[in-house]
Amino acid sequence: MWDNISILTAAPVFNIQLILDGLFIGSTFALAAYGLALVWGVMNVKNLAQGDFVIMGGYVAWWLGKQGIHPLWGLPVSIVVMFVFGWVVYVTIIRRVIDKDMFTSLLATFGLAIVLAQALNLMFGPEVQTAESDFAIRSYFDNSVTVADIKLVAFGLCGVLAVAVVLFMKNSRMGQAIRATAQDARAARVMGIDTDKVYAFTFSLNAAICGAAGALISMIWVIQPFYGIGHSIRSFVIVTAAGFGNLGGVIMAGLGLGVMEQYGGFVLGAEFQQACVVGLLVAVLIYRQLEMRRHRQVVQ
Amino acid sequence: MESFNPKLHLPILIFGVAAPFVIPGVTIQIAVLWVMVLFALTWDIMGGQMGYNSLGNILFFGSGMYISALVQISMFANVSEYTASSGAVDFTYTNSEYFWGLGWGILAAGIGSALLAASLGWTLFGLRGPYFAIGTLGIALTAGELMGTWEWVGAGGGLAMPVYPGSADGKSLMFYFMCFFAAIGTYLFCSWLYSTRFGLAINAIRDDEQKAEAMGIHTLRYKTIAWSVSAFFLGISGALFGNMTGFVEPLEVAFPVATFGIFMVAMSLLGGKGTLWGPILGAVLFHILKEFTWTYFLGWQWVALGVLIIVNVVFFQQGIMGWLMEKFPERFGIIVDKKETAK
Amino acid sequence: MTDTVIEISGVSKSYGGVVANHNISLKVPSGGITGLIGPNGSGKTTLFNSIVGYHPIDEGSIKFKGEEISSYRVPQIARLGLLRTFQQTRIYSNMNCIDNMLISIPHRKLGFADMFKNRGDKETMEEVDRLLDFVGLYEKRRLISGDLSFGQQKLLEFAMALMNRPEVLLLDEPTAGINPTLINGLIDRLRRANEELGITLFVIEHNMRVIMNMAQSIYCLAHGELLAHGTPDEVQNDQRVIDAYLGAH
Ligand SMILES: Nc1ncnc2c1ncn2[C@@H]1O[C@H](COP(=O)(O)OP(=O)(O)OP(=O)(O)O)[C@@H](O)[C@H]1O
Ligand SMILES: [Mg+2]
């Protein structure tokens, strides 16, 4: 461990590599977390299958790539497929649990997470996969920093998607309806907003956002049927740290998480990746705990 | 506390005592059934009675297994030599060494797991609902991975438990009865616990934690104790299971989040969470179904498990026991105001 | 001159931009019934929440029997004997009425071993029955409390509060949603709780008839500030109160 730290101090340029990689991957984390913040804030559903939506989206792009379609084209397909899938999930499951207590929706999405991970495993096998984009890989700083073009493209696409979602929420009728429902569902209903439709749309939009994040992750990183839970935890970490309804915070937390994970993986070793994420979750929870104590929220 | 009810308890006792002699071919399977009953009962202390869904209770099963293994080994051998030899060097235990080790190991497993729960509780309990669920899940997943990197305890290769100094039949019989008694002990303890003020308090926390706080209930104290109690029995079951299998390995045996970890939840939900007999019923039903059908699913059983949870939660929330109570409330001593419900 | 049990001085609380309470000072005398009135959204519930520890206050001090409690948390304050009921009634809705009552015993008196005692000894059960009878729910005692009507739930919540034997009870609109014929009975019960059990009451109420009848002293809030204070007669005839609140009556 100390060896790795000394590498970082001896060759500062490695830091640039880690930070860049962290920012690229972190942007996809932020995207998925924004989706979670959306369903959490609007519908009060804490989706434990969030990461599995991401992985599923990744497999859509990867599978298309195997059929000879460039995975970048897989991105819009993944968005559409996941939107439809989200709608189906809403109608079959979420609608029925949304007004029950929180435990119900938690357990239902937990079951959904199991179904998705296992089904993907049966369909595509447990191997770790990457969707090949065949973009150039460039080197900077005398070959000591390498950046694949696809990562830059993905980073840009993340930004574009985030802006698109924000504009949509601000300007479209549906976006306004979603915000009104988030504020006060009963008042929205009185004003003639069909909240059921709003919920369906919100949930599908979240799935579509996950699909996009997953497609990008499949190109710049790796996917595997059981990696979903890791992405769910990441989304929870980000939303917990940033709070929902705070897009800037979500982006910062997402990028920060990406960078911290890169450092953690580099310093401790790749096998500690998951442990790093969970460690961060615990750290955020402890921080929140202290914060809440200050706010007289929690016992004793 | 439930008093002894011959119609209900006697057949179970008779079955439990006679089974390994009448149908000796499946002794281990029935022993696992008792472990499943214990799983479901302990999950329900939190998940059903208190409304805190722990998705990572398997953590304490694994911690118990490792604690007991380490205690058993370290009492009479050097752990790092033992694990490094991975069974090659013959560590033979005498009868008394084995049984003393086992006894202390089981006790330490229970207490150690309970302490682990108590110390984790502070972090996770302030954070209700979703954080608790995902936090426990994450910690259980990571525990397996971290154990897999720790050379001293055998890392990913695992470690062999001390070898039982006797015949294989004698071993399975002994562990069968230990599992059986552990399940009965858990049942009796829960049955007593739910009859006390403690049971009422955790029910109150489930129904409305803010109200419970506003009434001055020491919610953190109750929550921590409830989790420690679960962890205590789970730790013991882990110690028993590890010794019964004879081999501890981090991902598949000690911290099987995707199998036992999920079974706990599914069984309690199926049988009816928040009741004493629901989890037992669910565990028995689930285990029998699983034993008979599991291999015919060709891999889809894991998907079916998720579907079971979803269907259970969405369409059959009350579970079998809850359904029975709704159907025949008089039998369970529930008074329904006919006028009230008729409206 | 009676002692003051709750003394609030200079308390302010805002939610983001909304100032819910601004520089409020008041005193609740021991043993009496004190009223708190004011238009919707004037910050009454917020003040209660500040007293019982639901959120930190921005500034000011809150004293309970001379002890500064503004940094204590909810259960601690409840265990001191300062209890509140909720505007939106809250009971343990999956448990029957008796169990609701049994778990509302005064927790400050419980030691560690008491947690594992039997749910209710004979004495406690008698008290449960007595209090359920007192609020008129004895017949319903074995029903799951979530199945009770709204008004009955409110009565149950009140009985649970009494079960806790608080020194001071903050009641947030005790008569809201209770039908007019029952209201008289409720006023009577509140009075008896105050006189016979010696519980100091601090009551938020929109029903003027109720509060003017019951309270010895009334505070009126408007827009988060203290508008007036005095005996019911004084407050009723205060021009500012009439303008801000009573005018519509
Ligand atoms: N949790 C909160 N977050 C933001 N604003 C709040 C919150 N609670 C109350 N407010 C605002 O604070 C102000 C005071 O509210 P409060 O509930 O104290 O009024 P009230 O006097 O109890 O009214 P009512 O008679 O309707 O119960 C209102 O403007 C309300 O919108
Ligand atoms: Mg109010």
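Here's what I pulled together on the structure shown here. Computed from a predicted structure; not experimentally measured. (Residues numbered from 1 in each chain as written. Chains lettered and ligands numbered in written order. Predicted model: local features only at pLDDT ≥ 70, side-chain atom pairs only at ≥ 80, totals over all residues. Heavy atoms only, no water.)

With that settled, consider helix α4 (residues 122–134) of chain C. Residues and elements named next belong to chain C. Along its 13 residues, α4 runs 18 Å from first to last C-alpha, staying within 8% of the 18 Å computed at 1.5 Å per residue. Along α4, the positions that sit buried rather than exposed are T124, E127, V128, L131, L132 and F134. For α4, the angular spread of the buried residues around the axis is 150°, confining them to a single face. When the buried face of α4 is taken as reference, the exposed residues oriented beyond 90 degrees from it are K122 and D133. Phi for G136, located one or two positions after α4, is positive at around 80°. (Helix = DSSP H or I, 4+ residues; strand = E, 2+ residues; numbered from the N terminus. Expected span 1.5 Å × (residues − 1). Buried < 20%, exposed > 50% of the residue type's maximum accessible area, 1.4 Å probe, protein only. Arc of directions from axis to C-beta.)

This part is about the interface of chain B and chain A. Across the contact, 45 residues belong to chain B and 45 residues belong to chain A. Carbon and sulfur atoms supply 77% of the area buried between chain B and chain A, which totals about 4000 Å² over both sides. Looking only at chain B, the three residues that lose the most surface to chain A are W122, Y131 and I134 of chain B, adding up to 16% of its buried area. Summed over the shared surface of chain B and chain A, the result is zero salt bridges. Where chain B touches chain A, the interface holds one residue pair in polar contact (both at pLDDT 80 or more). Taken together, the elements giving at least two residues each to the side of chain B that touches chain A come down to α5 (95–125), α6 (130–147), α10 (219–245), α12 (257–271) and α14 (301–315) of chain B. No other element matches α6 of chain B, which puts 12 residues into the side of chain B that touches chain A. Within the side of chain B that touches chain A, the residues separate by chemical class into 26 nonpolar, 14 polar and five charged. (Contact = heavy atoms within 4.5 Å. Buried area = accessible area lost by both parts, 1.4 Å probe. Salt bridge = Lys/Arg side-chain N within 4 Å of Asp/Glu carboxyl O. Polar contact = N/O pair within 3.5 Å; in protein donor to acceptor, adjacent residues only side chain to side chain. Nonpolar A, V, L, I, M, F, W, Y, C, P; charged D, E, K, R; others polar.)

Time to look at the coordination of the magnesium ion (ligand 2). Within the protein, the atoms that donate to the magnesium ion (ligand 2) are T45 of chain C (OG1) and Q87 of chain C (OE1), at distances of 1.9 to 2.2 Å. You can see T45 of chain C sitting in helix α1 (residues 44–52) and its partner Q87 of chain C sitting in the loop between β6 (82–84) and α3 (97–102), a full 42 residues away along the chain. (Donors = N, O, S within 2.8 Å, 3.2 Å for Na, K, Ca; no water.)

With that out of the way, let us pick up the side chain of N206 of chain A. Within the secondary structure, N206 of chain A sits in helix α9 (residues 195–220). Sequence-distant contacts of N206 of chain A, that is, excluding residues within four places in its chain, are made with G35, L36, V39, N47, Q50 and F53 of chain A.

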